[in-house]
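Residue-level structural notes
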Amino acid sequence: MFRSFIKFFFSNYISYIIKRDFQSFHFNPVKTAPDKAILLIANHFSWWDGFLLYELNSRLLKKKFHVLVTEENYKKVFFLKYLGAISLKKRSREMLSTLNTSGNLLNDPDNLILIFPQGKLGSNHVDEVVFEKGLTNLINASDKNYQYLFSAMFVDYFDKRKPSVWCKLKQVPANELEGLSMIMEFYNKHYQESRQQQSRITV
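In this text, all values refer to a predicted model and were calculated from it rather than measured experimentally. (Residues numbered from 1 in each chain as written. Predicted model: local features only at pLDDT ≥ 70, side-chain atom pairs only at ≥ 80, totals over all residues. Heavy atoms only, no water.)

Turning our eyes to something else, we now look at the overall build of the protein. Across its full length, the protein holds six helices and seven strands. If you list the helices and strands of the protein from N to C, you get α-β-β-α-β-α-β-α-β-α-β-β-α. What you see for the protein is a C-alpha radius of gyration of 16 Å, in line with the 17 Å of a compact globule of 203 residues. Structurally, the protein occupies a C-alpha span of about 50 × 45 × 35 Å along its principal axes. Within the span of the protein, comprising 203 residues, buried residues form 46% of the whole. Considering only contacts in the protein between residues 6 or more positions apart, those separated by 24 or more positions represent 75%. Carbon and sulfur atoms make up 53% of the accessible area of the protein, which amounts to about 11,200 Å² in all. (Helix = DSSP H or I, 4+ residues; strand = E, 2+ residues; numbered from the N terminus. Rg over C-alpha atoms; globule rule 2.2 N^0.38 Å. Buried < 20%, exposed > 50% of the residue type's maximum accessible area, 1.4 Å probe, protein only. Contact = heavy atoms within 4.5 Å. Areas by Shrake-Rupley, 256 points an atom, 1.4 Å probe, with all protein chains shown as cover.)

This paragraph deals with the packing of aromatic side chains. Tallied over the full model, the rule gives 22 aromatic pairs. Aromatic side chains Phe-10 and Phe-78 sit 5.8 Å apart centroid to centroid with 80° between the ring planes, which places their arrangement in the edge-to-face category. Taken together, the residues Phe-10 in helix α1 (residues 2–21) and Phe-78 in the loop between α3 (71–76) and β4 (85–88) connect sequence positions 68 residues apart. Relative accessible area serves as the criterion here: at 48%, Phe-78 is assigned to the partly exposed category. Residues Tyr-54 and Phe-65 carry aromatic rings whose centres are separated by 5.0 Å and whose planes lie at 80° to one another, so their mutual orientation is edge-to-face. Here the residue Tyr-54 occupies a position in helix α2 (residues 49–61), and Phe-65 occupies one in strand β3 (residues 64–70), the gap between them amounting to 11 residues. A single burial state applies to Tyr-54 and to Phe-65, both of which are buried. One aromatic cluster in this structure is built from Phe-5, Phe-9, Phe-10, Tyr-13, Tyr-16, Phe-22, Trp-47, Trp-48, Phe-51, Phe-78 and Phe-79. (Phe/Tyr/Trp six-rings, centres within 6.5 Å; stacked < 30°, edge-to-face > 60°.)

It is at 10 Å that the axes of α1 and α2 come closest, and there the two elements cross at 105°. It follows from the interaxial angle that α1 and α2 lie roughly perpendicular. Touching Lys-7, Ser-11, Ile-14, Ser-15 and Ile-18 of α1 are Phe-51, Leu-52, Tyr-54 and Glu-55, all from α2. Looking at the contact of α1 with α2 residue by residue, the classes come out as five nonpolar, two polar and two charged. (Axes fitted to C-alpha atoms, helices over the stretch in contact; angles between N-to-C directions. Parallel < 35°, antiparallel > 145°, perpendicular 65-115°, else oblique. Nonpolar A, V, L, I, M, F, W, Y, C, P; charged D, E, K, R; others polar.)

Think of an α-helix as turning once every 3.6 residues; residues three or four places apart then point the same way. Compared with the 28 Å implied by 1.5 Å per residue over 20 residues, the 28 Å span of α1 between its first and last C-alpha is a close match. Among the residues of α1, those classed as buried are Ile-6, Phe-10, Ser-11, Ile-14, Ser-15, Ile-17 and Ile-18. End-on, the buried residues of α1 take up no more than an arc of 170°, which puts them together on one face. Turned more than 90 degrees from where α1 packs its buried face, Phe-2, Ser-4, Phe-8 and Lys-19 sit exposed. (Expected span 1.5 Å × (residues − 1). Arc of directions from axis to C-beta.)

Looking now at helix α4 (residues 93–105). Within α4 the residues assigned to the buried category are Met-95, Thr-98, Leu-99, Ser-102 and Gly-103. The buried residues of α4 occupy an angular sector of 135° when projected down its axis, which confines them to one face. Where α4 is buried, its residues touch β3, β4, β5 (111–115) and α5 (134–140).

The strand order β1-β7-β6-β2-β5-β3-β4 describes an open sheet built from seven strands, whose pairing is mixed. Two strands lie at the open edges of the sheet, namely β1 (24–27) and β4, each paired on one side alone. Averaged over all adjacent pairs, the angle separating strand axes in this sheet is 25°, with direction ignored. Strand direction decides the pairing type here: strand β6 (residues 146–156) and strand β7 (residues 164–173), joined by 10 bridges, are antiparallel. In the strand pairing of β7, Met-153 is matched with Cys-167. (Pairing = 2+ DSSP bridges.)

Any link to function would need more than the numbers given here.
This is the structure we're talking about:
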């Protein structure tokens, strides 16, 4: 009961602060396979990213949400564990075990796993998103019967006092991508195309 209440409370709180602090939250509808889990790969440039993608899942994807977070953030923000956060202690013996456990979650079609492959925060204006190697361990621990969802997020103010968020999504079946370099190449193609589209927005 306590766990359910905490999840209900903070799910609503996340929706509230997004509506309060942003002018709007845009995302394109994508068709995902209901019988496959989702591995959501996203750029990481702000404190907001995990919360925005949690909200995206609530509004659009409606899967059981999981996200890999640093051990530091997991301990600092107590309610993350109630919202599907998985603590990842980098450069430790436990790291491989955590990635393997997370990969197993992709075998259940009800699940979604969010991962920020950069492994750390970076600018919203980078030319390329560089992946760390941990993603390979996660993928290899699964049966590879899931789907990728690429997210490229951007924030702009334009003529408003509050910023707006654009989350540009692209679905790719897992069997179309082989190896970390190919996943990174396909993701960055989506990211760069999305960034060009974003730069063409005028008001």
